[in-house]
Amino acid sequence: MKFTYSSGHRPLDGYTLKRGIGRGGFGEVYYAISDGGKEVALKLVRDHQEVELRGVAQCLNLKHPNLVNLYDLRTDQRGDHWVIMEYVSGESLNTVLSRHPEGLPLELAREWFLAIARAINYLHDQGIVHRDLKPANIFLENGMVKVGDYGLSKSISTSQRTAQTQSIGTVHYMAPEISTGNYNKQIDTYAAGVILYEMLTGHVPFDGESAGEILMKHLTSPPDLTRIPPAYVPILSRALSKNPVQRYASMAEFARAVEEVSEPEKLRASSAGTPAVRVAPSPSKELAEVTVVGGGPVTLSGVIGEMSGSLVMAALLAALATGLGAALAYRNDFGKHLTNLGMVFYLTIAVSWMILIPTKFWKNGNEDSWGRRVVMMLLGVLVGLHALWLEGWSGSMVLPLAGANSTGDAGEAVAANLSIAAGRLCYFGLVFFALRWWKLTDRQRSQRFSVGPILAAGFWALILLPLWQEILPWVVVMLAAGIVQLASPWEQPRPHSARRVRLRYA
Ligand code: ATP
Ligand code: MG
């Protein structure tokens, strides 16, 4: 490849060119060293300068771990423009993909896609559209994904205009609406969808003899999703929608969808016919180990079936615990304790079920802890209502308060009842809010049963007892904390190294 400058040239003050790295659609890229000794990549911008430089200038102060850093924009004595940027020593995703004609292992594709999505989402948040998202502009260095060449980008606010006629980006990753000239950040979502497709299968969704043929396919052909792991099919069919409005509203939403299906159990279940983790056909330089993790049901009926088993198990354990309690109490005043034990039994089932049911549908790892706590709190209030019902609470206890002729005594009684009722509702609401209950039912919790969470639950249940003024709910909470662990499926965690994708670069 012939470059304008050779090694040793100093077209820009402060930088010595060492070698030309390559040439792309918008100029030549050199590896250079600053006078201070810093390695940089210098991009000499030749064509389409106005488009490129405006974009680069907008991006100069962006900072994101998954973006190639831009340092500066300079003009040399000949009037040529240069972009000074971080030199990335690793390979491009393009090079890696060419070594994996069957696609990357699923877990690796997921990791890399999520890093790309984070970078693009950041750009979008800053009002920038990348516009040239493709594997050649994505680098991998020391296990980090870095998206580069967002020099073509320009402000979203101006991107809706139709005047841009310059052919932009690479045709394989080009959203259909680009040909209309009227586009926005959704073109990046589409390109990211193409990249995800390529990482999963090893080839792009639309290929052809000529740019025109490929563009036509983008515009009219549905992508062939038959070789995509089933869990990714709905995601890619949305990301690759011809109509930008039907794509994910944001890269964050796209990433969330990928994060969700990529939970280990779905990976495994989605692989009917496809290995859960596709290992590269030849020994892979990038991948020393891949994740092969355990499952659990994926279909709704499977989840409900498993959950029903847990619920029955919880009820049996509650019966066993209260039965033991009854046996112990028998010698003393059995009759006195019986009502309490009945209450303990029903409440323990209620608490256990209210923990087992929602958490069955929650995946650990990326949770919105506060959102979940609030949901749990509401369920706790439901348990409180159940307790009131068990205690024979009825609306008539409140009604006299509404009547104008309620006597002072009746009024006081109602107020007292109300305060008890409020205490009951708040008690379980707060107990449910205080702890991350879903951790106890996580299939991949470190131990099937541990005492720590029971003590933590007991601690909060004790602290909040003034709201209830009886010891009973404390017993219920402790029992339930144990029962939900015993009633939830558990998988022996794999050794740490086998659970992680380890990346090695030469
Ligand atoms: P496009 O112009 O569409 O981005 P391209 O990516 O093929 O096309 P360039 O961006 O000009 O072309 O890059 C030319 C070469 O320089 C490529 O081989 C690329 O991998 C390499 N390169 C670009 N930026 C850097 C960088 N910051 N560090 C190291 N190599 C880089
Ligand atoms: Mg490039």
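Residues numbered from 1 in each chain as written. Chains lettered and ligands numbered in written order. Predicted model: local features only at pLDDT ≥ 70, side-chain atom pairs only at ≥ 80, totals over all residues. Heavy atoms only, no water.

Points about the sheet that holds strand β6 (residues 91-92)
In sheet architecture, strand pairing relies on hydrogen bonds along the backbone and comes in two forms, parallel and antiparallel. In plain terms, the rule: By this definition, two strands are paired if DSSP reports at least two bridges between them. Numbered from the N terminus, helices here are DSSP runs of H or I no shorter than four residues, and strands are runs of E no shorter than two. Note on definitions: a residue-residue contact is assigned when non-hydrogen atoms from the two residues lie within 4.5 Å. Axis definition: a line fitted to C-alpha atoms, limited for helices to the stretch in contact. Angles are taken between N-to-C directions and run from 0 to 180 degrees.
Taken together, three strands build an open sheet; the order of strands is β6-β8-β9 and the sheet is antiparallel. With partners counted over all chains shown, the strands left at the sheet margins are β6 and β9 (144-147), one partner each. Note: strand β8 (residues 138-141) against β9, four bridges, orientation antiparallel. Across the sheet, residue Leu-140 finds its bridge partner in β9, namely Val-145. Relative to β9, helix α3 (residues 106-125) is tilted by about 40°, and along the sheet it contacts β8 and β9.

Comments concerning the coordination of the magnesium ion (ligand 2)
We apply this condition: Only N, O and S atoms count as donors, using a 2.8 Å cut-off from the metal and 3.2 Å for Na, K and Ca, and because water is excluded some sites may appear unfinished. The buried label goes to any residue with under 20% of its type's maximum accessible area, the exposed label to any with over 50%, and the partly exposed label to all in between, with areas taken from a 1.4 Å probe on protein chains only.
Looking at the metal site, the magnesium ion (ligand 2) is ligated by Asn-137 (OD1) and Asp-149 (OD), spaced 1.7 to 2.0 Å from it. Of the two residues, Asn-137 is situated in the loop between β7 (128-129) and β8 and Asp-149 in the loop between β9 and β10 (154-155); the sequence distance between them amounts to twelve residues. On the basis of relative accessible area, Asp-149 is assigned to the partly exposed category, the value being 23%.

Concerning the sheet that holds strand β5 (residues 81-86)
If you trace the five strands from one edge of the open sheet to the other, you get β1-β2-β3-β5-β4, paired in antiparallel fashion. One side of each edge strand has no neighbouring strand; the edge strands of this open sheet are β1 (15-24) and β4 (70-75). Averaged over all pairs of adjacent strands, the angle between their axes in this sheet comes to 25°, without regard to strand direction. Bridge analysis of β4 against β5 gives five bridges, and the strand direction is antiparallel. Paired with Thr-75 across the two strands is His-81, which belongs to β5.

Let's talk about the site of ligand 1
Convention followed: The cutoff for a nearby residue is simple: one of its non-hydrogen atoms must lie within 4 Å of the molecule or strand. For the purposes of these results, a polar contact is taken to be a pair of N or O atoms within 3.5 Å, where, inside protein, one atom must be able to donate a hydrogen and its partner to accept one; residues adjacent in sequence count only when each atom of the pair is a side-chain atom. Areas reported as accessible are Shrake-Rupley estimates using a 1.4 Å probe. Residue values count occlusion only from the protein chains shown. Note on residue categories: nonpolar means Ala, Val, Leu, Ile, Met, Phe, Trp, Tyr, Cys or Pro, charged means Asp, Glu, Lys or Arg, and polar means any other residue, Gly included.
Near ligand 1, the surroundings consist of 20 residues, among which Glu-86, Asp-132, Lys-134, Asn-137 and Asp-149 are the closest. Within the contact set of ligand 1, a nitrogen atom lies 2.8 Å away from a backbone nitrogen or oxygen of Glu-86. Taken by itself ligand 1 offers 600 Å² of open surface, and the protein chains cover 84% of this. Mapped by element, the contributors of at least two residues to the shell around ligand 1 are β1, β2 (27-34), β3 (39-45) and β5. The biggest single contributor to the shell around ligand 1 is β1, with four residues. When its residues are assigned to classes, the shell around ligand 1 shows nine nonpolar, five polar and six charged.

Notes on a nonpolar patch on the surface
Rules: Excluding any residue in a salt bridge, patches collect residues exceeding 30% relative accessible area, merging like charges within 9 Å and nonpolar Val, Leu, Ile, Met, Phe, Trp and Tyr side chains within 5 Å. Basic side-chain nitrogens of Lys or Arg form a salt bridge, by our definition, when they fall within 4 Å of a carboxyl oxygen of Asp or Glu.
On the surface, a cluster of nonpolar side chains totalling about 340 Å² of accessible area is made up of Phe-449, Val-451, Leu-455 and Leu-486. Mapped onto the secondary structure, Val-451 falls in helix α15 (residues 451-463). Assessed through its relative accessible area of 48%, Val-451 is described here as partly exposed.

As for the nonpolar core
As a reminder, the rule being used: Residues belong to a common nonpolar core when they are buried Ala, Val, Leu, Ile, Met, Phe, Trp, Tyr or Cys residues joined through side-chain atoms within 4.5 Å.
The biggest cluster of nonpolar side chains holds 75 residues, and the ones touching the most others in it are Leu-93, Trp-112, Phe-113, Ile-116, Leu-133, Met-199 and Phe-254. Looking at this core element by element, the count peaks at 13 residues for α3. Of all hydrophobic cores here, the second largest spans 40 residues; its members include Ala-314, Ala-318, Ala-461 and Ala-480.

Describing helix α5 (residues 186-201)
Turn by turn, an α-helix covers 3.6 residues, leaving residues three or four places apart pointing in a common direction. Short version of the rule: Every helix has an expected span of 1.5 Å times one less than the residues it contains.
Taking 1.5 Å of rise per residue, 16 residues should cover 22 Å, and α5 covers 23 Å from first to last C-alpha, within 8% of that figure. The element α5 is largely enclosed, with a buried count of 16 among its 16 residues. Gly-202 sits one or two positions beyond α5 and adopts a positive phi of about 90°.

Details of the pairing of β5
Counting buried positions over the six residues of β5 gives six, a clear majority of the element. Counting the residues that bridge the hairpin from β4 to β5 gives five residues, and of these Gly-79 lies at a positive phi of roughly 90°.

Some thoughts on the packing of α3 against α5
Worth spelling out the cut-off: Convention used here: angles under 35 degrees read as roughly parallel, angles over 145 as roughly antiparallel, angles from 65 to 115 as roughly perpendicular, and any remaining angle as oblique. Each crossing gets its handedness from the near helix: less than a right angle anticlockwise from the far helix is left-handed, clockwise is right-handed.
Across the interface, α3 lies against α5 with an axial gap of 10 Å and an inter-helix angle of 170°. Our classification of the angle between α3 and α5 gives roughly antiparallel. When you trace α3 past α5, the crossing you get is right-handed. Each of Leu-106, Ala-109, Trp-112, Phe-113, Ile-116, Ile-120 and His-124 in α3 lies in contact with α5, whose residues at this interface are Asp-188, Ala-192, Ile-195, Leu-196, Met-199 and Leu-200. Looking at side-chain class alone, the contact of α3 with α5 contains eleven nonpolar, one polar and one charged residues.

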